[in-house]
Amino acid sequence: MQSLVIFGAKSNPWDTVPFAQVTVDGITVGCGLVSADQPAFDTDAAENAKRVLTRVTALSCNYRDKAFFNGMRRVAPNRFTTIGSEFVGEVVAVGPEVQHIRPGDRVIPNHEYLGHTTHDDGVRQGIATNQASRAFQILAERKLVRIPDAMQDDVAAGFSVGHKPRTAWCAASAVAQARAHW
């Protein structure tokens, strides 16, 4: 697997990394692909009890990423970062206390924010990740929402930030039902 990264100062210090310059809303950044092995995910470890390992299959950039692009122009060329908060992924593994998501499910991030810093279980509210371009994500179950099979990756990848979870699920279900009849 590979992760999409954004390089500092519009350059690529590593000749071995596929590299391109991309301009988004007048901001030019260097980007490339770096190898990414599947992270270790011990389902018996206490910290993974309610967590999910997901392989990212598609991602999108949104208005939030423009700030990352702009910031990376001022970073040294030998530095890079992953970006993004919206993705669609396939569940690879789940912890033993995960109740509603199973390996093979397709998911998007749940960016629910109810005005508090954390949920009662200690999971932070709001944006699930700022690293959606990483090949794999390990997130709490409550930070993911299953999507219908009929919803295509390119639609699902850009779906989560602008919608609250319940609204997103209803809209995703409606899109999937409509596509099933097309």
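Let me sum up the structure you'll find in this document.

Conventions adopted
- Residues numbered from 1 in each chain as written.
- Predicted model: local features only at pLDDT ≥ 70, side-chain atom pairs only at ≥ 80, totals over all residues.
- Heavy atoms only, no water.
- Helix = DSSP H or I, 4+ residues; strand = E, 2+ residues; numbered from the N terminus.
- Buried < 20%, exposed > 50% of the residue type's maximum accessible area, 1.4 Å probe, protein only.
- Areas by Shrake-Rupley, 256 points an atom, 1.4 Å probe, with all protein chains shown as cover.
- Pairing = 2+ DSSP bridges.
- 1 Å grid on protein atoms, 1.4 Å probe; cavity = no way out; pocket = protein on both sides within 12 Å on 5 of 7 lines; lining within 4 Å.
- Points joined across faces, edges and corners; volume = space filled by probe spheres on them.
- Nonpolar A, V, L, I, M, F, W, Y, C, P; charged D, E, K, R; others polar.
- Core = buried A, V, L, I, M, F, W, Y, C linked by side-chain atoms within 4.5 Å.
- Contact = heavy atoms within 4.5 Å.
- Axes fitted to C-alpha atoms, helices over the stretch in contact; angles between N-to-C directions.

## A look at the overall build of the protein
The number of helices and strands found in the protein is 3 helices and 9 strands. Start at the N end of the protein and walk to the C end: the helices and strands fall as β-β-β-β-α-β-β-β-β-β-α-α. When each of the 182 residues of the protein is scored for burial, the buried share is 43%. Roughly 9,900 Å² of accessible area belongs to the protein as shown, and the carbon and sulfur atoms make up 49% of that amount.

## Points about the sheet that holds strand E5 (residues 80-81)
Read from one edge to the other, the open sheet built from 4 strands follows the order E2-E3-E1-E5, with strand pairing classed as antiparallel. The open sheet has two free edges, formed respectively by strand E2 (19-24) and E5, since each of these has just one partner strand. Inspection of the sheet shows strand E1 (residues 2-7) paired to strand E3 (residues 27-35) by 6 bridges, in the antiparallel sense. Each bridged residue has a counterpart across the sheet, and for Ser-3 the counterpart in E3 is Val-34.

## A closer look at the layout of surface pockets
A water-sized probe rolled over the atoms picks out the places where empty space is left. Considered as a void within the structure, the second largest pocket measures approximately 220 Å³ in volume. Residue lining of the second largest pocket: Ala-46, Glu-47, Ala-49, Lys-50, Arg-51, Glu-97, Gln-99, Asp-121, Val-123, Ala-140, Glu-141 and Arg-142, and that is the complete set. Partitioned by chemical class, the residues of the lining of the second largest pocket number 4 nonpolar, 1 polar and 7 charged.

## Side note on the nonpolar core
Most often, soluble globular proteins keep nonpolar side chains buried together rather than apart. Core analysis: the largest hydrophobic core is formed by 12 residues, namely Val-52, Val-56, Phe-87, Val-91, Val-94, Val-98, Ile-101, Val-107, Ala-128, Ala-132, Leu-139 and Leu-144. Counting only elements with at least two residues in this core, the list comes to strand E4 (51-60) and strand E6 (86-94). Among the elements that take part in this core, E6 stands out by supplying 3 residues, more than any other. Ignoring sequence-local partners within four residues, the contact set of Ile-101 consists of Val-52, Val-91, Val-94, Val-107, Glu-141, Leu-144 and Arg-146. Core analysis: the next-biggest nonpolar cluster, separate from the first, contains 9 residues, Val-88, Ile-108, Val-145 and Ala-156 among them.

## Here's the deal with the sheet that holds E4
With antiparallel pairing, the 5 strands of this open sheet are ordered in space as E8-E4-E6-E7-E9. The open sheet has two edge strands with one neighbour each: strand E8 (136-140) and strand E9 (144-146). The mean inter-strand angle of the sheet, taken between neighbouring strand axes irrespective of direction, is 45°. As paired elements, strand E7 (residues 106-109) and E9 share 3 bridges and run antiparallel to each other. What sits directly across from Pro-109, in E9, is Leu-144.

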